[in-house]
Amino acid sequence: QVQLVESGGGLVQPGGSLHLSCTVAGTISRLYGMGWYRQVPERQRELVAWITHTGVIKYGDSVQGRTIISRDDAKKMVSVQMDSLQLEDTAVYYCKAVISTGSDGGDYWGQGTQVTVSS
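S.K.: Describe the nonpolar core, listing the residues and the values that go with them.
M.R.: In this structure, L4, V24, W36, V78, Y93 and I99 are the most contacted members of the largest nonpolar core, which totals 29 residues. Counting residues per element, the ones that place at least two in this core are β3 (18-25), β4 (30-39), β5 (46-51), β8 (77-82), β9 (91-100) and β11 (113-117). Top contributing element to this core by residue count: β9, with five residues. The contact partners of V24, leaving out residues within four places of it in the chain, are V2, Q3, L4, L31, M34, K76 and I99.

Pasting the structure below:
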């Protein structure tokens, strides 16, 4: 059974930084794109950052310039560092990965981790 295990999150002060990590647990045959999305109530889930297996990166407009995504394929991990956090960054952050298990494949999501920006 493949699962995405997220770590990080919690309470962050305005202007502070956030580091989230996500590790793929279970046996896989191929790891494709990985990244992070976020969602607030009554709004669509939006892209934070995405990195393909070839290293192409895309950032969401609202986090561009203050966010860095990286991946470590040996550890099956993707991480994101976000600086200068604002109140509007409060959301549930979800890890996503596109994975092939050999017999199956597709999009996998983590359970989500709450990030609250507040003083």
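S.K.: Help me get a handle on the pairing of strand β10 (residues 105-109), residues and values and all.
M.R.: Pairing of β9 with β10 involves five bridges; the strand directions are antiparallel. From the neighbouring strand, V98 faces β10, where its bridge partner is D107. Where β9 folds back on β10, the antiparallel hairpin that results is connected by four residues, among which G102 adopts a positive phi of roughly 100°.

S.K.: Explain the packing of aromatic side chains residue by residue, including any values.
M.R.: Applying the stated rule across the entire model yields three aromatic pairs. Aromatic rings pair up to connect Y37, W50, Y94 and W109 into one cluster. Sitting over the ring of W109, R45 keeps its end group 4.6 Å from the ring centre.

S.K.: Pulling in residues and values, what's your account of the side chain of S100?
M.R.: Within the element layout of this structure, S100 appears in strand β9. Take S100: its relative accessible area is 18%, and that puts it in the buried class. Excluding residues within four positions of it along the chain, S100 makes contact with I28, S29, R30, Y32 and G105.

S.K.: Run through the state of the cysteines, naming residues and quoting values.
M.R.: Per the stated rule, a full pass over the model turns up one disulfide. Shown here is the disulfide that connects C22 with C95, its sulfur atoms set 2.1 Å apart. In this structure the cystine formed by C22 and C95 twists about its S-S bond by roughly -85°; its chirality is therefore left-handed. One end of the pair, C22, is in strand β3; the other, C95, is in strand β9, and 73 residues separate them in sequence.

S.K.: Describe the pattern of salt bridges, naming the residues involved and giving the relevant values.
M.R.: Evaluation of the coordinates by the stated rule reveals five salt bridges. Measuring nitrogen to oxygen at the nearest pair gives 2.7 Å for the salt bridge that ties R71 to D73. Under the relative-accessibility criterion, R71 is labelled buried at 19%. The exposure class of D73 is partly exposed, given its relative accessible area of 42%. With a shortest N-O distance of 3.6 Å, K96 and D107 are connected by a salt bridge. One end of the pair, K96, is in strand β9; the other, D107, is in strand β10, and eleven residues separate them in sequence. Classification of K96 as buried rests on a relative accessible area of 13%.

S.K.: Let's hear about the pairing of strand β7 (residues 67-72): which residues, and what values?
M.R.: Of the two faces of β7, only one is covered, namely that formed by T67, I69 and R71; the face formed by I68, S70 and D72 stays uncovered. Strand direction decides the pairing type here: β7 and β8, joined by six bridges, are antiparallel. Each residue of the ladder has a partner; that of I68, found in β8, is Q81. The antiparallel hairpin formed by β7 and β8 contains four residues in its connecting segment, where K76 sits at a positive phi of about 55°.

How each quantity is defined
- Residues numbered from 1 in each chain as written.
- Predicted model: local features only at pLDDT ≥ 70, side-chain atom pairs only at ≥ 80, totals over all residues.
- Heavy atoms only, no water.
- Core = buried A, V, L, I, M, F, W, Y, C linked by side-chain atoms within 4.5 Å.
- Buried < 20%, exposed > 50% of the residue type's maximum accessible area, 1.4 Å probe, protein only.
- Helix = DSSP H or I, 4+ residues; strand = E, 2+ residues; numbered from the N terminus.
- Contact = heavy atoms within 4.5 Å.
- Pairing = 2+ DSSP bridges.
- Phe/Tyr/Trp six-rings, centres within 6.5 Å; stacked < 30°, edge-to-face > 60°.
- Lys NZ or Arg CZ within 6 Å of the ring centre and 35° of its normal.
- Disulfide = S-S within 2.5 Å.
- Salt bridge = Lys/Arg side-chain N within 4 Å of Asp/Glu carboxyl O.

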